[in-house]
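# Chains, contacts and geometry: an overview
Here's the letter readout for the chains.
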Amino acid sequence: MPHPAYLVGTAGAGILLISLGVTLTLTLRIRHLRVERERALARAYEGFARDMHDIVGHWLWLASIKGELAHRRAAGDARLREDLEEVLQAVRQAAHAVRNVSATRHRLSFPGEATRARALMEGFGAYCSVRVDTDELPEPVSAALGAVVREGVTNMLRHSQVKRCAIELVEHGGLLRLTVVNDGAPRREAPSTGGDIGSGVGNLRHRLGELGGTVQVAGGADGWFTLIAEVPGNYSE
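In this report, we go over the structure that sits alongside the text. These numbers were taken from a predicted model, which means no experiment stands behind them.

## Focus on the nonpolar core
In terms of nonpolar packing, the biggest core is built from 40 residues, with Phe110, Met121, Leu145 and Leu178 touching the most fellow members. Within the residue set of this core, elements represented by two or more residues are α1 (4-73), α3 (110-123), α4 (139-159), β2 (164-172), β3 (175-182), α5 (199-209), β4 (214-219) and β5 (225-232). Per-element tally for this core: the top contributor is α4, with nine residues. With near-sequence residues (within four places) excluded, leucine 145 lies in contact with Phe110, Leu137, Leu169, Leu178, Leu208 and Ala229.

## Remarks on the side chain of threonine 179
For threonine 179, the location among the structural elements is in strand β3. Contacts of threonine 179, omitting those with residues within four sequence positions, involve Ala166, Ile167, Glu168, Thr226, Leu227 and Ile228.

## Examining α3
Compared with an ideal rise of 1.5 Å per residue, which puts 14 residues at 20 Å, α3 spans 20 Å between its outermost C-alpha atoms and is within 8% of the ideal. Where α3 begins, the side chain of serine 109 points an oxygen toward the backbone nitrogen of glycine 112, at a separation of 3.2 Å. Backbone geometry just downstream of α3 places glycine 125 in the positive-phi region, at approximately 80 degrees.

## Quick notes on the pairing of β5
Most of β5 sits out of view: six of its eight residues are buried. Where β3 lies against β5, eight bridges are found, and the strand directions are antiparallel. When the bridges of β5 are listed, leucine 176 appears paired with valine 231. Strand direction decides the pairing type here: β4 and β5, joined by six bridges, are antiparallel. If you follow glycine 219 over to β5, its bridge partner there is phenylalanine 225. If you look at the hairpin formed by β4 and β5, you'll find five residues sitting between the two strands, and glycine 223 has a positive phi there, around 80 degrees.

## Re the sheet that holds β4
Within a sheet, neighbouring strands are paired by backbone hydrogen bonds and run either parallel or antiparallel to one another. What the five strands build is an open sheet, ordered β1-β2-β3-β5-β4; its pairing is mixed. For this open sheet the edge positions go to β1 (127-132) and β4, each flanked by a neighbour on one side alone. For this sheet, the mean angle separating the axes of adjacent strands, direction not counted, is 10 degrees. Most of the contacts of α3 go to β1, to which it runs at about 160 degrees, and overall it touches β1, β2 and β3. Of the strands in this sheet, β2, β3 and β5 touch α4, which is tilted by about 15 degrees from β3.

## A few points about the pattern of salt bridges
This structure, assessed with the given rule, holds six salt bridges. Taking the shortest distance from any N to any O, the salt bridge between arginine 131 and aspartate 133 comes out at 2.6 Å. A residue is classified by how much of its surface remains accessible, and arginine 131, at 42% relative accessible area, is partly exposed. Between glutamate 230 and arginine 177 there is a salt bridge, with the nearest N and O atoms lying 2.6 Å from each other. Of this pair, glutamate 230 sits in strand β5 while arginine 177 sits in strand β3; the two residues are 53 residues apart in sequence, bridging distant segments of the chain.

So, how was this worked out
- Residues numbered from 1 in each chain as written.
- Predicted model: local features only at pLDDT ≥ 70, side-chain atom pairs only at ≥ 80, totals over all residues.
- Heavy atoms only, no water.
- Core = buried A, V, L, I, M, F, W, Y, C linked by side-chain atoms within 4.5 Å.
- Buried < 20%, exposed > 50% of the residue type's maximum accessible area, 1.4 Å probe, protein only.
- Helix = DSSP H or I, 4+ residues; strand = E, 2+ residues; numbered from the N terminus.
- Contact = heavy atoms within 4.5 Å.
- Expected span 1.5 Å × (residues − 1).
- Polar contact = N/O pair within 3.5 Å; in protein donor to acceptor, adjacent residues only side chain to side chain.
- Pairing = 2+ DSSP bridges.
- Axes fitted to C-alpha atoms, helices over the stretch in contact; angles between N-to-C directions.
- Salt bridge = Lys/Arg side-chain N within 4 Å of Asp/Glu carboxyl O.

Here it is, written out as structure tokens:
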């Protein structure tokens, strides 16, 4: 029969092992809860940043566009133009701050920008049709094409008296082709190739080029302006 002292020692060792096991389990559980809490906070921040960009950023962008239009129409009133310029500067600074907060958390998407474009153009009294003949897009492609739509809408509001526009995404010859077209553009005897549109088109060409794609623009004497972006239809990350 084992000596009582041995039994006591064995029982003590067993209790100690159980205590260590419980302590280790609780420690791991606490660490797991901390990790989950940090992930939840990160998701909450990401959602907040995305919502702020989508809602506040959109309205600041719209305010900037309308402010620029008003600034152009106030050509004969120097005092009013000065006041509008100050308003525009404040809006641009606010938009820049929103982008800085949310840039690392937010990605443009083609469906989102196409939906916004139609709603925005209808708000300006212009007809906008949207046609999409492709399935779900890879995220980088969707983001790049979303940027094309946003740049196209920005250009048509800034440089055109637009009444009709169309956004079309189709598969063509192994490529995804996005066409953004609008009327009311300045009439040109010689076709425009985008060299005088500003840095926006150049940025799009760089962005699409990273995906193996291209960007083309054309504007002519008929008052229609066309922006075409193409990316490989078999693109994969």
